[in-house]
Amino acid sequence: MNRIRLLPEQVANQIAAGEVIERPASVVKELVENALDAQASRITLEIQAGGRSLIRVIDDGVGMSKDDALLCLERHATSKIQRAEDLATIATLGFRGEALPSIASVSRFTLTTREREGGSPEAAQIIVHGGKILEVKSAGHAPGTSVEVRQLFYNLPARRKFLRSEETERAHIQQGLTVAALAFPEVGFTFLQDQRLAWQLPPLTGGGQTAARLAALQERLRALLGAEVKLLPVDFSADLAGPDEPGAIPEPSPADFQPAPLRIWGFIGAPGVSRATRQDQHLFVNRRPIENRALNYALLEGYHTALMKGRYPVGCLFLELDPAEVDVNIHPAKREVRFHREKEVRRCLAEAVRRTLLNFHAEPARGGLPVESSKGATGNPPSLPSGPPASAVKQPEPAVPSSRDLPDLLSPTPSGPIADWPSPAPAATSSAPVPRQPAIDAPHSAVHGPHATAPPVSPVAVPLLKVPLRLIGVVGRLYVVLESDRGLVLMDQHAAHERILYEQMLRRLEQGDAPSQRLLLPETVELSPRDAQFLREHLRILGRLGVGLSEFGERTFLLDGLPPFVKVSDARRFVLELIDELIAAGQEVNSLRLGEQTVARTVCRHAVKANDPLAGPELENLLNDLRNCAMPYTCPHGRPTLIEMNYRELEKKFGRTQ
C-alpha cells in the first residue's frame, strides 16, 4: 500500500491558511491590500467581536467579472504576475493568489463584485462555506468589490481557541489598517467597530510633487498619531553602490555593479521624541509595509547619541528603489523583504536620518543667536544663586573647566561674554496669538468630511536654539530658566556642558590620528575565526584610532597600545566589545565609534555639576557654546539638554484654555 498520497484540495487550502491567516488582522491585511491593488479610492472596513464573527471590506475599485470572481477562489490564481521573471518587478502588494482561497477555506465567505467599466448593471455574488462553493448568483452592488468573512476558523476549533480577546484582536486590526492608511494617504478609509464609527479618514490629494506628498502624509499622521508629536520632514536621495558581497555571486553580471537610485522620504521624530518600543516605527519599501531588523537598527543608528538607551525613534519613512533590488517573496505573509544590497540601503537610511537631525539645527539662520540677559531697573543682571560670599568661604573650583582640567585631546572652551542682545518683545498674553512651533502641533480630529485636500507643508520647525532666549535665573542650582517668544525654556547645565565637551573631544580625535599609549605588558587575545577575519581587515583603522593590535598567529592578536583615555581590565573583553561596535557601525568606521561610552564618561566627570554656582556671563557662554554643537538638544547619553513649554501648554496648566 502506498504511504505517499496527494492531500485533498480543501485540506491543502487549510494548511495554506495556517501560514497566511494567523488571526483576524491577517484577513483584514489581505483584503485591504487586494482593494488597494484594485485602485480603490475609498475602503470601508467593518468588524464585529474583534473580527471573530464578521469582517467586511468594501471598496470602489475596478471590480471583477463573474468568471474572474470564480477563478480568484482557486489557489495561485492572480492577475499580478504571469511569468517567473515578473517576480523581479513586483509593484503590487499582493501577487501569489493565496489569500482569497485560504480565507474562504476557514470561514463563511461571501464575495460580491461588479466591474467598474464592464457595462453590466448586475454584480456577481459567490457564497463559500469552508472552501466549498454553495451558491453563485446575481446581486445588486455598486461598482467595486465587497468581501464578507463570518465565523473565522469555525471549522478549525483548534485554531479558533488560540485567538486572543476581542480587545486584543481589535487592536491588531486597527494597527494593520493604520499602516495601510499611512502608505496610501490618497485613499479614504472608514473603520467601524460593532456598528459604531471608530474613525474616518478622507482621501487626500497628494500629487507627484514631494511637497504635496509630504503634506498628505503629514495630515494623515496628524489624524492617526495625534497632534502633539513633533516630526521633521525627510527627503534624501542617493545611489546604491556595488553588491554587498560580490564574492557570493558566482557570475556577477554588469548590472549587479551599476549604481541604483534610492529615495527616502517621510517624517522622523524631532530631538526628544521617542518611545519605549518600536511600535511607532513605520517603514515602507515601494509602499509595502515591511519588517526588517537591519532598517530598524539603521534608524536607531541615525539618531545615535540623540536617544537615551532603551528608547526607540518615531518615524514614518518610505524607501523607493528599483523593484529588482528587493525580494518580497521570502515570507508567507509578505511581512519581510530582503535587499540585494542591504548594507548600502542600511547605510543610506542612517545617513538620511543623521542629516535630517543635523540640518534641523544647522539650516535656519546660520549665525548664532545670542542669549539675552534680563536686566532689572538698575540695569544689573538678575540675582542668581551663587552660594556664600567668596570672602566667607574657600574659593570654589571654576564652574566651567578650562583646557588644563580636561584630557589633552580637548581644546579649550571659548571664553568671554557675548554681546548684549536687544530686549525682546513683551511676553504674549492669553488674548494675543502666540507663535507655535510648527510640525504636527495643532489639534486635529480624526473624523472628516467626504473630501479633503492636504494642506501645504508647514515650514521647517524653527529649532529652539535658533530663536532669541532671555536669561531669567537658575532653579535648584542646576536648571537654567530662559524665556523665548514661544514660552518657557529650561536648560540642564550639566547635560549641556557634557554635550559641549563631548563634541570638542571627538572633534579633536577626528582631526588626525589619535595618540596611543603603550602598555607595560602587552596581552594576547585569541578570537574565533569569524572575529579574527573581521579584525584582520580593520587593523589599519584601529591603528589610526590609537589601538595597537597586531597579528600574533592564525587567530591570535597582540594588544600593546590603547588611547590614553581608555582604561581596561580585561583585554579580550575590550577587543570583543570593540569588534561588536565596529560591526554595528558598518563600513563608515571613524573615531566616533571608538570608546564613545568612555569619552562620555570622561566628559561627565569634567562637566559642571548640580550645585556648581554659575554667574550670568558663564551661563551665557554655556548656552552660546551649545548653539555651536552639531547635536545640541541631547547629552551624549541621550538625555535632553533643553525642555520647552510653549504658551499653549502653560495656559492649559493654569486653566486658561481647555
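Note that the structure is a prediction, hence the values are computed from the model and not measured. (Residues numbered from 1 in each chain as written. Predicted model: local features only at pLDDT ≥ 70, side-chain atom pairs only at ≥ 80, totals over all residues. Heavy atoms only, no water.)

Reading across from one edge, β9-β10-β13-β11-β12 is the order of the five strands in this open sheet, with mixed pairing throughout. What marks the edges here is a single partner per strand, and that holds for β9 (231-240) and β12 (288-289). Examined bridge by bridge, β9 and strand β10 (residues 260-269) share ten bridges and lie antiparallel to one another. Bridge pairing links serine 237 to arginine 263 in β10. Across the sheet, helix α6 (residues 166-183) is in contact with β11 (281-285), β12 and β13 (315-321); its angle to β11 comes to roughly 55°. Most of the contacts of helix α8 (residues 293-303) go to β11, to which it runs at about 120°, and overall it touches β10, β11 and β13. (Pairing = 2+ DSSP bridges. Helix = DSSP H or I, 4+ residues; strand = E, 2+ residues; numbered from the N terminus. Contact = heavy atoms within 4.5 Å. Axes fitted to C-alpha atoms, helices over the stretch in contact; angles between N-to-C directions.)

Most of α8 sits inside the fold, with eight of its eleven residues counted as buried. Buried within α8 are the following residues: Ala294, Leu295, Asn296, Ala298, Leu299, Glu301, Gly302 and Tyr303. Where α8 starts, the residue carrying a side-chain oxygen 3.0 Å from the main-chain nitrogen of alanine 294 turns out to be asparagine 292. One or two positions beyond α8, positive phi appears at histidine 304, with a value near 50°. (Buried < 20%, exposed > 50% of the residue type's maximum accessible area, 1.4 Å probe, protein only. Polar contact = N/O pair within 3.5 Å; in protein donor to acceptor, adjacent residues only side chain to side chain.)

Moving on, we come to the side chain of asparagine 292. Relative to the helices and strands, asparagine 292 resides in the loop between β12 and α8. Relative accessible area serves as the criterion here: at 7%, asparagine 292 is assigned to the buried category. Looking at asparagine 292, its side chain comes within polar contact range of the main-chain nitrogen of leucine 295, at 3.0 Å. Those residues within four positions of asparagine 292 in sequence are excluded, and the remaining contacts are Val337, Phe339 and Glu342.

Quick look at the packing of α8 against helix α9 (residues 342-362) now. With their axes 8 Å apart at the nearest point, α8 and α9 run at an angle of 30° to one another. As judged from the angle between their axes, α8 and α9 are roughly parallel. Classified by chirality, the crossing of α9 by α8 is right-handed. Contact with α8, carried on its side by Ala294, Leu295, Tyr297, Ala298, Leu299, Glu301, Gly302 and Tyr303, involves Glu342, Val345, Arg346, Leu349, Ala350, Val353, Arg354 and Leu357 of α9 and no other residues of that element. (Parallel < 35°, antiparallel > 145°, perpendicular 65-115°, else oblique. Left-handed = near helix turned anticlockwise from the far one by under 90°.)

With that settled, consider unusual backbone geometry. Its identity as a non-glycine residue notwithstanding, glutamine 151 has a phi of 50°, on the positive side. Relative to the assigned elements, glutamine 151 resides in the loop between β6 (144-150) and α5 (157-160). Of note, the phi angle at histidine 304 is positive, near 50°, even though the residue is not glycine. By the element assignment, histidine 304 lies in the loop between α8 and β13. Judged by its relative accessible area of 28%, histidine 304 falls in the partly exposed class.

What follows is about the packing of α6 against helix α7 (residues 210-225). Across the interface, α6 lies against α7 with an axial gap of 9 Å and an inter-helix angle of 160°. It follows from the interaxial angle that α6 and α7 lie roughly antiparallel. Between α6 and α7 lies a crossing of right-handed hand. Judged by residue contacts, Thr178, Ala181 and Leu182 of α6 engage Leu217, Arg220, Leu221 and Leu224 from α7. The class makeup of the residues in the contact of α6 with α7 is five nonpolar, one polar and one charged. (Nonpolar A, V, L, I, M, F, W, Y, C, P; charged D, E, K, R; others polar.)

Applying the stated criterion to the full structure yields 27 salt bridges. For arginine 470, the salt bridge is made with glutamate 483, and the minimal N-O distance between the two is 2.1 Å. Of the two residues, arginine 470 is situated in strand β17 (residues 469-475) and glutamate 483 in strand β18 (residues 479-484); the sequence distance between them amounts to 13 residues. With a shortest N-O distance of 3.8 Å, arginine 530 and aspartate 531 are connected by a salt bridge. The exposure class assigned to arginine 530 is exposed, which follows from its relative accessible area of 67%. (Salt bridge = Lys/Arg side-chain N within 4 Å of Asp/Glu carboxyl O.)

Take the packing of aromatic side chains next. Remark: the centre distance and the inter-plane angle together describe each pair of aromatic rings, the angle taken between the planes. What the rule picks out here adds up to four aromatic pairs. Geometrically, the ring pair formed by tryptophan 265 and phenylalanine 318 is stacked, given 4.6 Å between the ring centres and 10° between the ring planes. Pair noted here: tryptophan 265 is in strand β10 and phenylalanine 318 is in strand β13, with a separation of 53 residues, a long-range link. Exposure class is identical for tryptophan 265 and phenylalanine 318. Each is buried. Pairing phenylalanine 360 with tyrosine 633 gives two aromatic rings, centres 5.7 Å apart and planes at 50°, and the pair type is tilted. Here phenylalanine 360 is found in helix α9, whereas its partner tyrosine 633 is found in the loop between α15 (616-627) and β23 (642-646), with 273 residues between them in sequence. Residue classification places phenylalanine 360 among the buried residues on the basis of a relative accessible area of 6%. Of the residues examined, tyrosine 633 reaches a relative accessible area of 12% and is grouped as buried. Through a chain of ring-to-ring contacts, three or more aromatic side chains come together here, namely Trp265, Phe284 and Phe318. Sitting above the plane of the tyrosine 154 ring, arginine 108 keeps its charged end 4.1 Å from the centroid. (Phe/Tyr/Trp six-rings, centres within 6.5 Å; stacked < 30°, edge-to-face > 60°. Lys NZ or Arg CZ within 6 Å of the ring centre and 35° of its normal.)

This part is about the sheet that holds strand β7 (residues 188-193). The sheet built from eight strands is open, its strands ordered β5-β4-β3-β6-β2-β1-β7-β8 with mixed pairing. Each edge of the open sheet carries a strand with a single partner, namely β5 (132-139) and β8 (196-201). On average, adjacent strands in this sheet sit at an angle of 10° to one another, irrespective of strand direction. Set on the sheet, α6 makes contact with β1 (42-48), β7 and β8; between it and β7 the angle comes to about 175°.

Among the six residues that make up β18, five are buried, leaving the element largely enclosed by the rest of the structure. Judged from the five bridges that link them, β17 and β18 form a sheet pairing that is antiparallel. Of the residues in β18, the one forming a bridge with arginine 470 is glutamate 483. What sits between β17 and β18 in their antiparallel hairpin is a turn of three residues, with glycine 476 showing a positive phi close to 65°. Both β18 and strand β19 (residues 487-492) contribute to a ladder of six bridges, which runs antiparallel. When the bridges of β19 are listed, serine 484 appears paired with glycine 487. In this antiparallel pair of consecutive strands, β18 and β19, the connection spans two residues.

Everything listed here is a matter of coordinates, which is why it stays silent on function.
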